[in-house]
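Next come the chains, spelled out residue by residue.
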Amino acid sequence: MANELDELTGPVNEEGRDINVIHKQINVVARRGTKSLIHFLCVITFGLYNIKLNHVRSFFKQLEQKMQKDASTIDNYLEQRVIILQNTVKLLDKAIELDKDTFTKIAIARSGSKINDAERNLVSSQLDDIANKINVAFENYPNLEAHNAIAKAMQQNDYLQREITAARDLYNSTVDAWNREVFEWPTKIYIADQNKYTTRIPFEASKTIKDKAKDVFF
């Protein structure tokens, strides 16, 4: 039998395609038959199947804690990037207007309070915008590059952005595991339904970064 998807003969899209993360959480719902099956298994095993159910509950709790840890790593790098960008702006002769709401949200993360995925993504997007404004200032005033303190700060910004990218990959891997596990039949989807779990939204690249990737560099 021939391959259903043949990368040699197509069809292919010569122009490529830009894709986006769908910003939507999907509710996990176990069908009535699945619930009946779990109840039946509990009865015929004299309740011993509850051990399996408790194991699954613990599994999801641990996975959720790992997701929180991964998200916290992103928050820590975002906080460091805020400080670097703040210091960079102070060194610039030209004023660059910053979004105060960005630092309000970072302050929330810094204080240990919980911010949700959407807010974390928004903070990252705003920081990308700020960094882009600073880069524009460099392009308009090339002599700024001679300032060692500014050059060092921008190198630190680039380093932190790479660390954020790596942390996002780790976070997205955990999100991917969560999104697959909550639909595993029959036990995990049953527990997910009981706890009203939903799928999680991966961390996505900001519009600023996506537009930057399309620039002509040479």
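Model, not experiment: these values are computed from the prediction.

Chemist: I tried to follow the layout of surface pockets on my own but got confused; where do I start?
Modeler: It is a probe the size of a water molecule, rolled over the atoms, that shows where empty space is left. As a volume, the largest pocket reaches approximately 240 Å³. Along the walls of the largest pocket sit 13 residues, with Arg81, Ala131, Asn135, Asn157 and Asp158 positioned nearest its centre. Taken together, the elements giving at least two residues each to the lining of the largest pocket come down to α4 (117-140), α5 (148-181) and α7 (207-213). Examining the composition of the lining of the largest pocket, we find that 5 residues originate from one element, α5, more than from any other. Looking at side-chain class alone, the lining of the largest pocket contains 3 nonpolar, 5 polar and 5 charged residues.

Chemist: Would you take a moment to explain the packing of aromatic side chains for this structure?
Modeler: Aromatic ring pairs: the centre-centre distance and the angle between the two ring planes describe each pair. With the rule as written, the count across this model stands at 4 aromatic pairs. For the pair Phe60 and Tyr197, a centre-to-centre distance of 5.5 Å together with 65 degrees between the ring planes defines the contact as edge-to-face. Here Tyr197 lies in the loop between α6 (187-194) and α7 and Phe60 lies in helix α2 (residues 49-91), a separation of 137 residues in the sequence. In this structure an aromatic cluster arises from ring pairing among Phe59, Phe60, Trp178 and Tyr197. Lying over the aromatic face of Phe59, Lys188 brings its terminal NZ or CZ to 4.4 Å of the ring centre. One Lys or Arg, Arg200, reaches over the ring of Trp178 and ends 4.7 Å from the middle of that ring.

Chemist: Just to check I follow, could you spell out the nonpolar core for this structure?
Modeler: Side chains of a nonpolar character, in soluble globular proteins, are inclined to be buried together. Among the nonpolar cores identified, the biggest contains 41 residues, and Leu53, Phe60, Leu127, Ile134, Tyr171 and Trp178 are the most heavily contacted of them. Going through the elements one at a time, α1 (32-44), α2, α4, α5 and α6 are the ones with two or more residues in this core. The greatest single-element share of this core, amounting to 14 residues, is contributed by α2.

Chemist: Would you mind going over the packing of α2 against α5 with me for this structure?
Modeler: Between two packed helices, both the angle of their axes relative to each other and the distance between the axes serve to describe the pair. Where α2 contacts α5, the two axes come as close as 9 Å, and the packing angle between them is 165 degrees. Classified by the angle their axes make, α2 and α5 are roughly antiparallel. In this structure, α2 crosses over α5, and the sense of that crossing is left-handed. Its residues placed into classes, the contact of α2 with α5 shows 23 nonpolar, 7 polar and 7 charged.

Chemist: Got a minute to help me understand the pattern of salt bridges in this structure?
Modeler: Side chains that differ in charge, positive against negative, can pair when their charged atoms come close. Inspection of the entire model under this criterion finds 8 salt bridges. With a shortest N-O distance of 3.0 Å, Lys66 and Asp70 are connected by a salt bridge. Here Asp70 and Lys66 lie together in helix α2, a separation of 4 residues that amounts to about one turn. Given a relative accessible area of 36%, Lys66 falls into the partly exposed group. A relative accessible area of 2% means that Asp70 is categorised as buried. Of the charged contacts, one joins Arg180 and Asp176 as a salt bridge, the two residues approaching to 3.2 Å between their closest N and O atoms. You can see Arg180 and its partner Asp176 sitting in helix α5, 4 residues apart, about one turn around the helix. Taking the relative accessible area as the measure of exposure, Arg180 reaches 49% and is therefore partly exposed. Among the residues examined, Asp176 registers a relative accessible area of 40% and is labelled partly exposed.

Chemist: Any chance you could explain unusual backbone geometry here in plain terms?
Modeler: For residues that are not glycine, phi is negative in most cases, and the peptide bond is trans in most cases. With an omega dihedral of 0 degrees, the bond running from Trp185 to Pro186 counts as a cis peptide bond. Assignment of secondary structure puts Pro186 in the loop between α5 and α6. Phi at Phe46 is positive, roughly 55 degrees, even though this residue is not glycine. Phi angles above zero are rare outside glycine, and Lys196 is one such case at about 60 degrees. Relative to the helices and strands, Lys196 resides in the loop between α6 and α7. By relative accessible area, Lys196 is classed as exposed at 66%.

Thresholds, definitions, all that
- Residues numbered from 1 in each chain as written.
- Predicted model: local features only at pLDDT ≥ 70, side-chain atom pairs only at ≥ 80, totals over all residues.
- Heavy atoms only, no water.
- 1 Å grid on protein atoms, 1.4 Å probe; cavity = no way out; pocket = protein on both sides within 12 Å on 5 of 7 lines; lining within 4 Å.
- Points joined across faces, edges and corners; volume = space filled by probe spheres on them.
- Helix = DSSP H or I, 4+ residues; strand = E, 2+ residues; numbered from the N terminus.
- Nonpolar A, V, L, I, M, F, W, Y, C, P; charged D, E, K, R; others polar.
- Phe/Tyr/Trp six-rings, centres within 6.5 Å; stacked < 30°, edge-to-face > 60°.
- Lys NZ or Arg CZ within 6 Å of the ring centre and 35° of its normal.
- Core = buried A, V, L, I, M, F, W, Y, C linked by side-chain atoms within 4.5 Å.
- Buried < 20%, exposed > 50% of the residue type's maximum accessible area, 1.4 Å probe, protein only.
- Axes fitted to C-alpha atoms, helices over the stretch in contact; angles between N-to-C directions.
- Parallel < 35°, antiparallel > 145°, perpendicular 65-115°, else oblique.
- Left-handed = near helix turned anticlockwise from the far one by under 90°.
- Salt bridge = Lys/Arg side-chain N within 4 Å of Asp/Glu carboxyl O.

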